[in-house]
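The primary structure of each chain is shown beneath.
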Amino acid sequence: MADRVTVIGWDGSPLTRAATAALSAATLVAGAAHHLALPEVPEDAERIRLGSVDLAARRIAGHRGSAVVLADGDPGFFGVVRTLRAPEHGLEVEVVPAVSSVATAFARAGMPWDDAEIVVAHPRTLRRAVNVIRAHHKVAVLTSPGAGPAELALLLEGVHRTFVICEELGTVRERVTVLTSDKTADHTWRDPNVVIVVGSGPEATANGAWIAGRRPANPEGVRGWALPASSYGPAREGAVEGGEGESPGLRAAQLARLGPRTGDLVWDIGCGSGALAVEAARFGAAVLAVDSDPDACARTAAAARTFQVAVQVVRGTAPHVLESLPEPDVVRIGGGGVRVATAVADRRPERIVTHASNRDEAEALGAALAENGYTVECALLQSVELDTAAWAERERSVVFLLSAVRSDLAP
């Protein structure tokens, strides 16, 4: 094993005294081409062009002498330090950090970033990074080849955002460009780059801030989940408050089975008051709320504004409107019967929940989902609301809850 392993961050500024001293004593230096070209790298040191960090770590582990790994920005922030310290390599490292590329990008943009979500985009995780952008006001994306600004913008089709693209930060070729998302895909971008994406609601204020990352605010005095339907705005004229598909108990059970999380895209088909769509967004998921009723669409958009979450509202009739929507991770079906359930199953989300008012309807929905490759469970939910002044029954709700998990994921 190497006698000493030092990881040095580089941000384009002159190296610190500690970094220079470590390099001068190095017998092996690993880094990208622009790192290995630095004048401080000893001429007689073995050089490793850093492609696979795992391969480099194995070379370093077998080296006898002092090794230095050069990396852009802060190597402890989504960087090489984690891989080098992994148990299979067993390397103990000293770190000489530099300013992270994310901090530099926000500095170039003149923006605060304690309220930003930060994600890494690879081709295999690109869709999840895009879902974070859909859901949050401010996101910094550490890109990679095949998962850069153009690819992010293409997957955001129909969602307006502002892109701040920071290319080759800290080098003589540094360039910062500001474009709207619909223009970003028309350009070719140089690697490496950091993308700041801004949109979807108001910027967080500094008042009371105590934790990094965007946290949706609640209206004053509101706390908890599965809130009464009235928390999301007045019911439309003629509608029954807290009707079958809108009851807080059913909504809580549906959310528990869906498990929406950051990086997911949720479809809420037949969004009604917007209650489930908003609560899924409060969990950090991106949400597409679909309804054919313009009043329901307006109520959902208003509820999202009240709770300061990003919900994309789509007016249209399922199943036809679903054909143009991006791939979902989990879906709640608020109505539409077997035709809609079958169309949703064809898109292969991980989980689907829906409900039925009687056993025949529940059996038909369950059979349709099972025939399309889902493991289905059904529960009969009954809740009784009591008037605590007289301890008498005020309202009773009985509904069949169906939850389906794609069979290849079922336990």
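Residues numbered from 1 in each chain as written. Predicted model: local features only at pLDDT ≥ 70, side-chain atom pairs only at ≥ 80, totals over all residues. Heavy atoms only, no water.

Observations concerning the sheet that holds strand β13 (residues 311-315)
Read across the open sheet, the seven strands follow the order β13-β12-β11-β14-β15-β17-β16; overall the sheet is mixed. Pairing within the sheet leaves two strands with one partner each, and these edge strands are β13 and β16 (374-387). Each adjacent strand pair in this sheet contributes to an overall mean axis angle of 20°, direction not counted. Across four bridges, the pairing between strand β11 (residues 265-269) and strand β14 (residues 330-333) is parallel. Across the sheet, isoleucine 269 pairs through a bridge with isoleucine 333, a residue of β14. Its contacts with the sheet put helix α9 (residues 248-258) on β14, β15 (351-356), β16 and β17 (392-406), and the angle it makes with β15 is roughly 160°. Lying over the sheet, helix α11 (residues 294-307) contacts β12 (286-291) and β13, oriented at roughly 175° with respect to β13. (Pairing = 2+ DSSP bridges. Helix = DSSP H or I, 4+ residues; strand = E, 2+ residues; numbered from the N terminus. Axes fitted to C-alpha atoms, helices over the stretch in contact; angles between N-to-C directions. Contact = heavy atoms within 4.5 Å.)

Quick notes on α11
Between its first and last C-alpha atoms α11 spans 20 Å; for 14 residues at 1.5 Å apiece the expected length is 20 Å, and the two agree. Residues of α11 that are buried include every one of Ala296, Cys297, Arg299, Thr300, Ala303, Ala304 and Phe307, and no others. End-on view of α11: buried residues confined to an arc of 165°, all on one side of the axis. Among the structural elements, α10 (275-282), β12 and β13 are those in contact with the buried residues of α11. Immediately downstream of α11, the backbone of glutamine 308 shows phi near 55°, a positive value. (Expected span 1.5 Å × (residues − 1). Buried < 20%, exposed > 50% of the residue type's maximum accessible area, 1.4 Å probe, protein only. Arc of directions from axis to C-beta.)

Side note on the packing of aromatic side chains
Scanning the entire structure with this criterion turns up four aromatic pairs. Judged by centre distance (5.8 Å) and plane angle (10°), the ring pair of phenylalanine 106 and tryptophan 113 falls under stacked. Here tryptophan 113 falls in the partly exposed class, since its relative accessible area comes to 32%. Directly above the ring of tryptophan 225 sits arginine 282, whose terminal nitrogen or CZ lies 4.0 Å from the centroid. (Phe/Tyr/Trp six-rings, centres within 6.5 Å; stacked < 30°, edge-to-face > 60°. Lys NZ or Arg CZ within 6 Å of the ring centre and 35° of its normal.)

Digging into the sheet that holds strand β3 (residues 46-49)
Reading across the sheet, the five strands line up as β3-β2-β4-β1-β5 and stay open at both edges, with parallel pairing between neighbours. The sheet is open, and its two edges are formed by β3 and β5 (93-96), each paired on a single side. Pairwise comparison of adjacent strand axes, ignoring direction, gives a mean angle of 20° for this sheet. Pairing of strand β2 (residues 28-31) with β3 involves four bridges; the strand directions are parallel. Its bridge partner being in β3, alanine 30 is matched across the sheet by isoleucine 48. Lying on the sheet, helix α1 (residues 17-24) is in contact with β1 (4-10), β2, β4 (66-72) and β5; it crosses β1 at an angle near 135°. Its contacts with the sheet place helix α3 (residues 53-61) against β1, β2, β3 and β4, and it is angled at close to 160° to β3.

Brief notes about the confidence of the model for the chain
The share of residues in the chain with pLDDT of 70 or more is 93%, and the mean pLDDT across the chain is 91. Counting interchain partners and residues more than four positions distant, the pLDDT-below-50 stretch residues 238-242 has seven contacts. (pLDDT = per-residue confidence, 0-100.)

A short note on the environment of glutamate 363
Here glutamate 363 shows up in helix α13 (residues 359-371). For the pair formed by glutamate 363 and phenylalanine 400, sequence separation is 37 residues and the distance between their alpha carbons is 9.9 Å.

Description of the pattern of salt bridges
Tallying each qualifying case throughout the model produces 19 salt bridges. The partner of aspartate 264 in a salt bridge is arginine 261, and the shortest N-O contact between them spans 3.7 Å. Classification of arginine 261 as partly exposed rests on a relative accessible area of 45%. Two residues, aspartate 268 and arginine 332, come together in a salt bridge whose shortest N-O distance is 2.7 Å. With a gap of 64 residues between them, aspartate 268 in strand β11 and arginine 332 in strand β14 connect regions that are remote in the sequence. Side by side, aspartate 268 and arginine 332 carry an identical accessibility label, which is buried. (Salt bridge = Lys/Arg side-chain N within 4 Å of Asp/Glu carboxyl O.)

Quick notes on the side chain of asparagine 193
Tracing the backbone shows asparagine 193 in strand β10 (residues 193-198). Here aspartate 191 takes part through its side chain, which lies 3.4 Å from a polar atom of the side chain of asparagine 193. If near-sequence neighbours (up to four positions away) are discounted, asparagine 193 is found in contact with Val141, Thr143, Pro149, Cys166 and Glu167. (Polar contact = N/O pair within 3.5 Å; in protein donor to acceptor, adjacent residues only side chain to side chain.)

Description of unusual backbone geometry
Residues aspartate 191 and proline 192 are joined by a peptide bond in cis, for which omega reads -5°. Along the chain, proline 192 falls in the loop between α8 (181-184) and β10. The peptide bond linking alanine 318 to proline 319 adopts the cis configuration, its omega dihedral lying at 10°. If you trace the backbone, proline 319 turns up in the loop between β13 and β14. The phi torsion at phenylalanine 78 lies on the positive side, around 50°, for a residue other than glycine. Here tryptophan 391, not a glycine, exhibits a phi torsion of approximately 50°, which is positive. Looking at the secondary structure, you find tryptophan 391 in the loop between β16 and β17.

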